[in-house]
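Listed below are the residues making up each chain.
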Amino acid sequence: MIAILRIFVLAIFALLTFIFGCTYCLFSPRNPKHVETFAHLFSKMSIVLGVKLELRVPEGAKEQGPSVYIANHQNNWDLFTISGVVMPRTVTVGKKSLVWIPLFGQLYWITGNILIDRANKSKAAGTITQVANKIKERSVSIWMFPEGTRSRGRGLLPFKTGAFHAAIAAQVPVVPMVCSTTHNKIKLNRWNNGHVIVEILPPVSTEGMSKEGVRELSTLCREQMSQKIIELDAEVAQLERAS
């Protein structure tokens, strides 16, 4: 019964958000401010999922300026968890095929996100250059999932290098963001789904770095994120034992 109620509430929320969101964005289409607005709106729905969501945003993070934000990509629940820390003037980079998803795809496009063709490696390489140019020209940040796919309980997967190439090309910092493990944690038919912690880590500078440093940068960020996920999972376990 709880699952049916949650699915109903989420479906109504999504439908209204996509319809009215697209209408609202028509007044300033593809304005990067929209991504933050709707991302935070979706994170509010974590309450409906029975999740106690804690967002840890360091002081001054919203004044960070153009950056490349990277996050761990676990499952579809990311839409309601890690979305809560999307920073101002941040757009995401997603697969071109997303635009064909009814309602969601149209909202994703009109809010100003960047779509790339991952099936065409030459085009994708050119897109990295375009992304770097957009960061500098429009003074925006980008958000990417460097794993390239949902991990679905397999831990932090190996990183692809696109996000790091873009950061170095634009000479902006990489800012890791991590979410505690949600795999097999959120059950629609369970009233209380416990704690989920999302945290923004300190920025990693790319100043003066050349493309030869991509692998080193990727490895450094992945190690930091992996360690933080372990720490957050331990903290969540402690919180849930105490509750």
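This text follows the structure it describes.
Residues numbered from 1 in each chain as written. Predicted model: local features only at pLDDT ≥ 70, side-chain atom pairs only at ≥ 80, totals over all residues. Heavy atoms only, no water.

Taken together, Leu5, Phe8, Val9, Ile12, Leu15, Leu16, Ile19, Phe20 and Leu103 make up a surface patch of nonpolar side chains, about 800 Å² in accessible area. Secondary-structure assignment places Leu16 in helix H1 (residues 2–25). Classification of Leu16 as partly exposed rests on a relative accessible area of 42%. (Patch = residues over 30% accessible without salt bridge, like charges linked within 9 Å, V, L, I, M, F, W, Y side chains within 5 Å. Areas by Shrake-Rupley, 256 points an atom, 1.4 Å probe, with all protein chains shown as cover. Salt bridge = Lys/Arg side-chain N within 4 Å of Asp/Glu carboxyl O. Helix = DSSP H or I, 4+ residues; strand = E, 2+ residues; numbered from the N terminus. Buried < 20%, exposed > 50% of the residue type's maximum accessible area, 1.4 Å probe, protein only.)

What follows covers the nonpolar core. Judged by nonpolar contacts, the single largest core of 64 residues is most densely connected at Val68, Ile70, Ile142, Trp143, Phe164 and Met177. The element contributing the most residues to this core is helix H6 (residues 214–242), with seven residues. Look past the residues within four positions of Ile142 in its chain and what remains in contact with it is Ser67, Val68, Tyr69, Thr90, Val91, Val93, Ile114, Val131, Ile135 and Ala166. (Core = buried A, V, L, I, M, F, W, Y, C linked by side-chain atoms within 4.5 Å. Contact = heavy atoms within 4.5 Å.)

The next thing to look at is the side chain of Glu36. Tracing the backbone through its elements, the reader meets Glu36 in helix H2 (residues 33–43). Despite its burial, Glu36 pairs with no opposite charge, the nearest such side chain being Lys62 at 4.6 Å. Glu36 has contacts with Val86, Met87 and Pro88, leaving out every residue within four places of it along the chain. (Lys, Arg positive; Asp, Glu negative; His and termini not counted.)

Next up on the list: H1. Owing to its 3.6 residues per turn, the α-helix aligns residues three or four sequence positions apart on the same side. When the terminal C-alpha atoms of H1 are compared, their 33 Å separation across 24 residues agrees well with the 34 Å that a helix rising 1.5 Å per residue should span. Among all positions in H1, only Ala3, Arg6, Leu10, Phe13, Ala14, Thr17, Phe18, Gly21, Cys22 and Cys25 are buried. Turning to H1, the residues buried within the fold contact H2 and helix H3 (104–110). (Expected span 1.5 Å × (residues − 1).)

Turning our eyes to something else, we now look at the pairing of strand E5 (residues 141–144). Where burial is concerned, the two faces of E5 agree: the one with Ser141 and Trp143 and the one with Ile142 and Met144 are both buried. As judged from the three bridges shared by strand E2 (residues 68–71) and E5, these two strands associate in the parallel manner. Of the residues in E5, the one forming a bridge with Ile70 is Met144. Examined bridge by bridge, strand E3 (residues 90–95) and E5 share three bridges and lie parallel to one another. (Pairing = 2+ DSSP bridges.)

Let us now look at a positive patch on the surface. Taken together, Lys95, Arg150, Arg152 and Arg154 make up a surface patch of like positive charges. Relative to the helices and strands, Arg154 is located in the loop between E5 and helix H5 (162–170). (Charge placed at Lys NZ, Arg CZ, Asp CG, Glu CD.)

This next bit is on H5. Among the residues of H5, Ala163, Phe164, Ala166, Ala167, Ile168 and Ala170 are the ones counted as buried. Trailing H5 by a residue or two, Gln171 shows a phi angle of about 55°, which is positive.

All right, on to unusual backbone geometry then. Located in the positive-phi region is Arg30, a residue other than glycine, with phi close to 60°. Mapped onto the secondary structure, Arg30 falls in the loop between H1 and H2. The backbone of Arg89 shows a phi angle near 55°, a positive value even though the residue is not glycine. Arg89 gets classed as partly exposed once you look at its relative accessible area, which sits at 36%.

Looking now at the state of the cysteines. Tallied over the entire structure, the rule returns zero disulfides. Unpaired in terms of disulfides, Cys25 finds its nearest cysteine sulfur in Cys22, a separation of 6.8 Å. With no disulfide partner, Cys179 has as its closest neighbouring cysteine sulfur the one in Cys221, 18 Å distant. (Disulfide = S-S within 2.5 Å.)

This part is about the pattern of salt bridges. Under the definition given, this model contains six salt bridges. Residues Glu54 and Arg56 are paired through a salt bridge, measuring 2.9 Å at the closest nitrogen-oxygen approach. Among the ionic pairs, Arg56 bridges to Glu199, the shortest N-O distance being 3.5 Å. With Arg56 in strand E1 (residues 52–56) and Glu199 in strand E7 (residues 195–200), this pair connects stretches of sequence that are 143 residues apart. A relative accessible area of 16% places Glu199 in the buried class. Put simply, Glu54, Arg56, Glu199, Lys228, Glu231 and Glu235 are held in one network by salt bridges that share partners.

Evaluated as defined, the whole model comprises eight aromatic pairs. Look at Phe18 and Phe104: their rings are 6.1 Å apart centre to centre, the planes differ by 75°, and that puts the pair in the edge-to-face class. Pair noted here: Phe18 is in helix H1 and Phe104 is in helix H3, with a separation of 86 residues, a long-range link. A ring pair is formed by Trp77 and Phe80, whose centres lie 6.4 Å apart and whose planes are at 45°; its orientation type is tilted. (Phe/Tyr/Trp six-rings, centres within 6.5 Å; stacked < 30°, edge-to-face > 60°.)

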